[in-house]
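# Observations on chain architecture
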Amino acid sequence: MKRITIIGGGATGTLLAVNLIRHAGDQPLVINIVEKNERFGQGVAYSTVQDYHLLNVPAGKMGAFPDDVEHFHKWLASKSYDFKPADFVPRRIYGEYLKKLFWEAYENRAANVTVNLFNEEALDILFKGEEAEVWLNSGTSLRSDKVVLAFGNFLPPPPRTEDQGFLSAPKYFGDPWNRRIGETIKDTDDVFIIGTGLTMVDAAVGFYHTYHKGKIFAVSTHGLLPSTHKLGFSYPSFETEIENHEKISGLLKTVRSHIKAAEAGEGDWRAVIDSLRPVTQKAWMKLPVTEKLRFMRHLKHFWNTCRHRIPPECAEVLYRMQWTDQLHIKKGRIKSIVLKRNDKFEVSFGRERVTVDAVINCTGSESDFSKVNVPLVRSLLSKGAIKTDPLSLGLEADPKGKISENLYTIGTALKGIMWESTAMPELRAQARDLALQFLH
């Protein structure tokens, strides 16, 4: 009998469980899924209930299985949703899709497959030879042959300011998905958003659709917004030109030359970036750490804006908000955030200073595990069972997610090793491959 415990019931943990059930064959298998929140099958990404929070990838490419990328769109049709393959579907529907996938797999599982769900928090893992024992907050222990850390995203790191007194203020939100945001922030409040990436877009779009009247300031070091999707273009692979580069400068020069060629031929730069998708991980893993660090210092922000794009519908909302002088995109580093006696925040950044009623941290998930304040992470770090990767982007592991003989990770925690390890095309492949590795 094989016993596999998955810690994390978000999208990645769910896909891993589904693949284990689907490929179990006739061997006895026990799958334990531990998820402390009520977002089983969705995680943070797909737990929104608002239709204006859209997927950032067209429906036709969001299938949960590598060998059936159109599975999601076919599922939409089977449920009488009227979406085309190129449409950007509300994320809540994708969350519904993931939950349905799991429960269908669960209900149709073979008699030799046992699935246990624990709505609890994993506090520690004890390693005893070839076995691991996962301890939950209730005192329950789960004897396991393999344990998978499917953490997903953590809360953003707090701003690096000398005075941290604002962190406990009622209108400072360190969690951009806190449901109290809509209840606490008045429609006339001026809001300061830290970050100008995808999470900021979600927040701004939310304010737009709830008819917010106050001004919104969004600030990041480079002041860059995500690029907008422009579908209908393709570009041939140039894998052989980049697969052996060991310098970021050489990679950048090659990519720029192909963007120039694409645009000269009435193509689009986005297609060039998309053509890199199948080879990005391979190219990243061949780079020395010094070159990866150089990329992180100088090019990461530009890559993210080009690679992680938003639907035209969201871009149109941002344009309207800027055109009406409601949304202000700013560039600069946060110097200080001071909570004043009138409960307003005085925020200093770059050479500017603004006074606002609320602050929302949208800088993205904390990736440095040494700074993650989660009991299980702290325990595993203290005993040396896990360690951060050289870039502090996730955990040290091999490309297949193996940390040790009976401890694995999947998804976002592999970003430092794989770089591309946060979007569905990579996550669905990891989930399938890890399930097959465990079962054979």
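Structure: above.
Residues numbered from 1 in each chain as written. Predicted model: local features only at pLDDT ≥ 70, side-chain atom pairs only at ≥ 80, totals over all residues. Heavy atoms only, no water.

## With respect to the pairing of strand S2 (residues 29-34)
Regular strands place their side chains on alternate faces of the sheet. Buried residues dominate S2, accounting for six of its six residues. On S2, burial covers both faces: Leu 29, Ile 31 and Ile 33 on one face and Val 30, Asn 32 and Val 34 on the other are all buried. Each parallel crossover has a hand, and the one from strand S1 (residues 2-7) via helix H1 (residues 11-22) to S2 is right-handed. Bridge count for S2 against strand S3 (residues 113-118) is six bridges, and the pairing is parallel. Bridging from a neighbouring strand, Val 30 pairs with Thr 114 of S3. (Buried < 20%, exposed > 50% of the residue type's maximum accessible area, 1.4 Å probe, protein only. Helix = DSSP H or I, 4+ residues; strand = E, 2+ residues; numbered from the N terminus. Right-handed = clockwise from strand over helix to strand, strands pointing away. Pairing = 2+ DSSP bridges.)

## Re the sheet that holds strand S10 (residues 216-220)
Here we have five strands laid out as an open sheet, ordered S8-S15-S9-S10-S11, and parallel in their pairing. In this open sheet, the two edge strands, each paired with only one partner strand, are strand S8 (172-173) and strand S11 (327-331). Inspection of the sheet shows strand S9 (residues 191-194) paired to S10 by four bridges, in the parallel sense. Bridge pairing in S10 places Ile 194 opposite Val 219. Those strands touched by helix H5 (residues 198-209) are S9, S10, S11 and strand S15 (358-361), and its axis lies near 160° from that of S9. (Contact = heavy atoms within 4.5 Å. Axes fitted to C-alpha atoms, helices over the stretch in contact; angles between N-to-C directions.)

## Observations regarding the packing of aromatic side chains
For the structure on display, the rule yields 21 aromatic pairs. Aromatic ring contacts, followed pair by pair, group Tyr 46, Phe 72, Trp 75, Tyr 81, Phe 83, Tyr 94 and Tyr 97 into a single cluster. Sitting over the face of the ring of Tyr 106, Arg 109 holds its NZ or CZ atom 4.1 Å from the ring centroid. Its end group placed over the ring of Trp 419, Lys 415 keeps NZ or CZ at 4.9 Å from the ring centre. (Phe/Tyr/Trp six-rings, centres within 6.5 Å; stacked < 30°, edge-to-face > 60°. Lys NZ or Arg CZ within 6 Å of the ring centre and 35° of its normal.)

## Considerations on the pattern of salt bridges
Under the counting rule described, the total for this entry stands at 25 salt bridges. Measuring nitrogen to oxygen at the nearest pair gives 2.9 Å for the salt bridge that ties Asp 68 to Lys 74. Two residues, Arg 143 and Glu 131, come together in a salt bridge whose shortest N-O distance is 3.3 Å. Highlighted residues: Arg 143 in strand S6 (residues 141-144) and Glu 131 in strand S5 (residues 131-136), separated in sequence by twelve residues. Each of the salt bridges in this network shares a partner with another, and the network as a whole consists of Arg 3, Glu 131, Arg 143 and Asp 145. (Salt bridge = Lys/Arg side-chain N within 4 Å of Asp/Glu carboxyl O.)

## Considering the layout of surface pockets
There is about 640 Å³ of room inside the second largest pocket. Of all the secondary-structure elements, those providing two or more residues to the lining of the second largest pocket are helix H4 (180-184) and H5. The biggest single contributor to the lining of the second largest pocket is H5, with five residues. Of the residues that constitute the lining of the second largest pocket, the class distribution is nine nonpolar, ten polar and five charged. (1 Å grid on protein atoms, 1.4 Å probe; cavity = no way out; pocket = protein on both sides within 12 Å on 5 of 7 lines; lining within 4 Å. Points joined across faces, edges and corners; volume = space filled by probe spheres on them. Nonpolar A, V, L, I, M, F, W, Y, C, P; charged D, E, K, R; others polar.)

## Some details on the sheet that holds strand S4 (residues 122-128)
Across the sheet, which stays open at both edges, the three strands sit in the order S4-S5-S6 with antiparallel pairing between neighbours. Here the strands that pair on one side only, and so sit at the sheet edges, are S4 and S6. Neighbouring strand axes in the sheet, compared pairwise and without regard to direction, differ in orientation by 20° on average. Pairing of S4 with S5, which is carried by six bridges, proceeds in the antiparallel orientation.

## Remarks on the environment of His 245
Among the secondary structure elements, His 245 is positioned in the loop between helix H6 (239-242) and helix H7 (248-264). For the pair His 245 and Asn 119, spaced 126 residues apart in sequence, the C-alpha to C-alpha distance is 46 Å. Look past the residues within four positions of His 245 in its chain and what remains in contact with it is Gly 250, Leu 251, Thr 254 and Leu 287. A polar contact is formed between the side chain of His 245 and the side chain of Thr 254, at a distance of 3.3 Å. (Polar contact = N/O pair within 3.5 Å; in protein donor to acceptor, adjacent residues only side chain to side chain.)

## Observations concerning unusual backbone geometry
Its identity is not glycine, yet Tyr 211 carries a phi of approximately 60°, on the positive side. By the secondary structure assignment, Tyr 211 is in the loop between H5 and S10. Here the phi dihedral of Asp 343 falls at roughly 70°; this positive angle occurs in a residue that is not glycine.

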